[in-house]
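So you can see what is in the structure, the chains are spelled out below.
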Amino acid sequence: CFQIASAKTFLCDLGIKTPVIIMAHGETKDYFYDYPEDEVASLRHAAVCQVLLPAFAEPIRDYVAGFPVRVEVIGNVVPQYAQQADLAREKESYKVVFVGRLVRNIKQPHLLVQAFIRIAAEFPNWTLELWGAEDKRRYQKKLQRMVEEAGLAARIRFCGTTQDVPRVLVNSDLCVAPSAREGFSLAYTEAMSMGLPLVGYKSCVSVSELIEDGVNGLLAADGAEPLAEKMAVLMRDRDLRVRMGAAARASMRVYAPEMIWGRWETLMDEVISTHSSDRI
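In this report, we go over the structure that sits alongside the text. Quick caveat, the model's predicted, so the values are computed rather than measured.

### Here we look at the overall build of the protein
Alright, step 1. From N to C terminus, the protein includes 12 helices and 9 strands.
Alright, step 2. The C-alpha extent of the protein, read off along each of the three principal axes, is 70 × 40 × 30 Å.
Alright, step 3. By residue count, 49% of the 280 residues in the protein fall in the buried class.
Alright, step 4. Across the protein, contacts joining residues at least 24 apart in sequence account for 69% of those joining residues at least 6 apart.

Structure below.
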């Protein structure tokens, strides 16, 4: 079952005995704030609760403690690109990239724009590209005004949507994740798979789960200034970008299709085997 609303129908309303695996799409602590209690109760009747990242498992484990429910961490599939961003090449200009909807309270692209403005003078041969659909016109106008007032319209570009994300990523040098919260971000994991180091906030659980600070990216404290400081560390040091980019690419191999689908197949085989024995 995808999420707990559908699981409630099977497990609580119909009371079926067929084993159910509940898939949690995002951050699981939200269940206990945003969902009705009778839907949340389905977690205690499932055979397995699957979550995307290790940190998402803890709220579920606490809730199902004392019940025969297995909690399993299986991430999303991340493309394993044959091509890789060439971070070692000397260029006339370098690029910071953001990919995601321009949503103020979740993706927080305004913090990335503010951060880039703070350090733009130190890095005159760097640009910032933000790829993604507008969320609200008023917010988009505010972002545009920030850029224009800073005199950086030629260097901070809002590029809209694209059907060719790999092309955007392979021509970039650094990916920044200013998100306040995420589920399992394909935009950021795809950037890492392309060999881009990632900078994000340590307070964003899903981002801090992906970034091993100082190895495949950097984690910042909240706010535009701390984000700018971490971005600058990588923008100053091409060799560091190369090392962290290679580590980022390697860290995404655990999400290769054959790995993820293999884990799902093993899990389903084990659930079927266990519950078949129970029925006998």
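Anyway, onward from the coordinates.
### Concerning the pairing of strand β3 (residues 70–73)
Alright, step 1. In this sheet, β3 lies alongside strand β2 (residues 48–51) in parallel orientation, the contact comprising 4 bridges. Bridging from a neighbouring strand, Gln50 pairs with Glu72 of β3.
Alright, step 2. At this point the chain moves from β2, through helix α4 (residues 54–64), to the parallel β3, and the crossover so formed is right-handed.

### A word on the environment of Glu27
Alright, step 1. You can see Glu27 is positioned in the loop between β1 (21–23) and α2 (31–34).
Alright, step 2. Between the alpha carbons of Glu27 and Thr161 there is a distance of 26 Å; along the sequence they are 134 residues apart.
Alright, step 3. What Glu27 contacts, discounting residues up to four positions off in sequence, is Phe56, Arg181, Glu182, Gly183 and Val205.

### As for the sheet that holds strand β4 (residues 94–99)
Alright, step 1. Reading across from one edge, β6-β5-β4-β7-β8-β9 is the order of the 6 strands in this open sheet, with parallel pairing throughout. Single-partner strands in this sheet number two, and they are β6 (156–160) and β9 (217–220). Between one strand and the next, the sheet's axes are offset by a mean angle of 20°, whatever the strand orientation.
Alright, step 2. One ladder, built from 2 bridges, connects β4 with strand β7 (residues 174–177); its direction is parallel. Paired with Val97 across the strands is Cys175, a residue of β7.
Alright, step 3. Most of the contacts of helix α8 (residues 186–193) go to β7, to which it runs at about 160°, and overall it touches β4, β7 and β8 (198–201).
Alright, step 4. Sheet contacts for helix α10 (residues 224–236): β4, β5 (126–131), β7, β8 and β9; angle to β9, the most-contacted strand, approximately 160°.

Rules of the game
- Residues numbered from 1 in each chain as written.
- Predicted model: local features only at pLDDT ≥ 70, side-chain atom pairs only at ≥ 80, totals over all residues.
- Heavy atoms only, no water.
- Helix = DSSP H or I, 4+ residues; strand = E, 2+ residues; numbered from the N terminus.
- Buried < 20%, exposed > 50% of the residue type's maximum accessible area, 1.4 Å probe, protein only.
- Contact = heavy atoms within 4.5 Å.
- Pairing = 2+ DSSP bridges.
- Right-handed = clockwise from strand over helix to strand, strands pointing away.
- Axes fitted to C-alpha atoms, helices over the stretch in contact; angles between N-to-C directions.

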